[in-house]
Amino acid sequence: MTERKAMIETGWNLDNSYARLPKLFFSSLNLKTVRSPKLIILNDSLATSLGLNIEGLQSEDGVEVLAGNRVPEGASPLAQAYAGHQFGHFTMLGDGRALLIGEQITPLGERFDIQLKGSGKTPYSRGGDGRATLGPMLREYIISEAMHALGISSTRSLAVVTTGESVIRETELPGAILTRVASSHLRVGTFQYVSKWGTVEELRALADYTLQRHFPDVDTDENRNLFLLQEVIKRQAAVIAKWQLVGFIHGVMNTDNMALSGETIDYGPCAFMDVYDPETVFSSIDIQGRYAYGNQPKIAAWNLARFAETLLPLLHVNQEQAIKLAQDALSDFDELYHCNWVSGMRAKLGIFNQESQDEPLIEGLLSLMRKYSADYTNTFRALTFDKPEDTVMFGTPEFSQWHGLWQARLSRQQESKASSHQLMQNSNPAVIPRNHRVEEALESAVKQYDYSVMERLIDVLSNPYAHSPEQDDYSTLPELSSRPYRTFCGT
């Protein structure tokens, strides 16, 4: 079988629009082959939606592509350049351990980046080996697919392969490569990079490309770049609100980890909150709590301000006017985020319409949850099924008072109790990727090469709003520990 025939049967239909941008934006790459790749997990449904042939991907030729050993027809591998504020400090970055093999055009005409993460050194590796280990790649697969199932805009995971080679971190670990699928990998940091080291015309080319890629409905009579800023703000306000509504903590909200598409990207030290506490931090490197759960909306606004700064030369020829346009757009973020969040919280409580006392009702519940160290997900799950006795707050005078106010609020709307129940069931997941469950799956996979625990977890997480009996076991809390749970970047 010829290479050309094998690649066509796999279904690759690649374009390389990013490679047609100015050379400043990227570095073309030769593949860094690995010794003996093995397919660990393949996302069959995602592959099908991309127009890829599952059997072809599982074949030797298909795995060679997923491992970065072979270039599929139509690919033009490259590493993207970008910069970013990491914990508030600006630095030059770029794809230090990833390559973009191309953009898959699906049967529906959609365009998705296909990126190999852990594929080897690039000009942006900054002394690193460019490789990744199995645990973090499986972790990204689990969490990103769980986020998608939760209805949160996210990059997706197509596959994980092991490389047959060891990677040295603190210990010797099995190497792996994740195939990541994204609407694009355009970041706030991409604009920061071009703004710092490129020309205004190169910046304009990047803005035009971003508009064409993600916001093609811009009116030609509008200020195109102001429209770009406003639309990115809208998408970020929406996705951050959804993070908060399910208790997701990204862990490393640097500007290079903020996708202009509005997708959640880069699942490093991320985790889901168990006990409700706005100060929750999991990342081992977030010593000051910059990216704590309660700070995420503020950090998103800060990151958007950095994006707006890069656009100033494109917003208006007069700098003062450009600054005013940017500030006016940025001032909308808080209200956009707040409306998304309050709307989502109403749904979690079965509320269809709006009343002035809704926000005090919401805040009252959260205050009680924090005071009594209530589990975030399971509290809303208990309320959904009218089982207040399943919450740690049950029996306290404060909760009894709050519950009465909530029931009175529900009685004032036209919708039936059954309708409220359905709204809550659709808004409150039965399961999230509980940290102890994720760690259990990763330990079994990495240390014992047993992937069944992970496969069962992924299956349970694939329909989080089903509220099926099979999900009950995955909603239980971890055993109490004297040591706080910590996550790591996995680089």
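Here's a quick rundown of the structure.

Regarding helix α11 (residues 333–348)
Here α11 is 16 residues long and its end C-alpha atoms lie 22 Å apart, about the 22 Å a rise of 1.5 Å per residue gives. Those residues of α11 lying buried are Phe333, Tyr337, Trp341, Val342, Gly344, Met345, Arg346, Ala347 and Lys348. Backbone geometry just after α11 places Gly350 at a positive phi near 75 degrees.

Description of the packing of helix α7 (residues 200–214) against helix α8 (residues 224–246)
At a minimum axis separation of 10 Å, α7 and α8 run at an interaxial angle of 55 degrees. Comparing the axis directions of α7 and α8 gives the class oblique. In this structure, α7 crosses over α8, and the sense of that crossing is left-handed. Packed against α7, whose contacting residues are Ala207, Asp208, Thr210, Leu211 and His214, the element α8 presents Arg224, Asn225, Phe227, Leu228 and Arg235 at the interface. Within the contact of α7 with α8, the residues separate by chemical class into four nonpolar, three polar and three charged.

Points about empty space enclosed by the protein
Inspection of every chain in the model, using the stated rule, returns two cavities of 30 Å³ or more. Approximately 100 Å³ is the volume attributed to the largest cavity. When residues of the lining of the largest cavity are assigned to their parent elements, the largest contribution, four residues, is made by α8. Grouping the amino acids of the lining of the largest cavity by side-chain chemistry returns seven nonpolar, six polar and one charged. For the second largest cavity, the calculated volume is near 40 Å³. In terms of lining, the second largest cavity is formed by Leu245, Val246, Lys348, Tyr376, Thr377, Phe380, Asn428, Pro429 and Ile432. Looking at the lining of the second largest cavity, the elements that each hand over two or more residues are α8 and α13 (376–384).

Remarks on the environment of Ile105
For Ile105, the location among the structural elements is in strand β7 (residues 98–105). Along the chain, Ile105 and Gly198 lie 93 residues apart, while their C-alpha atoms are 29 Å from each other. The residues contacting Ile105, other than those within four sequence positions of it, are Asn13, Asp15, Leu50, Glu110 and Arg111.

Description of the pattern of salt bridges
Proximity of charged atoms lets side chains of opposite charge pair with each other. Enumeration according to the criterion identifies 33 salt bridges in this entry. In this structure, Asp266 and Arg180 form a salt bridge, with 2.7 Å as the shortest nitrogen-oxygen distance. Note that Asp266 is positioned in the loop between β12 (248–249) and β13 (271–272) and Arg180 in strand β11 (residues 172–182), a separation of 86 residues in sequence. Each member of the pair, Asp266 as well as Arg180, is classed as buried.

Rules of the game
Residues numbered from 1 in each chain as written. Predicted model: local features only at pLDDT ≥ 70, side-chain atom pairs only at ≥ 80, totals over all residues. Heavy atoms only, no water. Helix = DSSP H or I, 4+ residues; strand = E, 2+ residues; numbered from the N terminus. Expected span 1.5 Å × (residues − 1). Buried < 20%, exposed > 50% of the residue type's maximum accessible area, 1.4 Å probe, protein only. Axes fitted to C-alpha atoms, helices over the stretch in contact; angles between N-to-C directions. Parallel < 35°, antiparallel > 145°, perpendicular 65-115°, else oblique. Left-handed = near helix turned anticlockwise from the far one by under 90°. Contact = heavy atoms within 4.5 Å. Nonpolar A, V, L, I, M, F, W, Y, C, P; charged D, E, K, R; others polar. 1 Å grid on protein atoms, 1.4 Å probe; cavity = no way out; pocket = protein on both sides within 12 Å on 5 of 7 lines; lining within 4 Å. Points joined across faces, edges and corners; volume = space filled by probe spheres on them. Salt bridge = Lys/Arg side-chain N within 4 Å of Asp/Glu carboxyl O.

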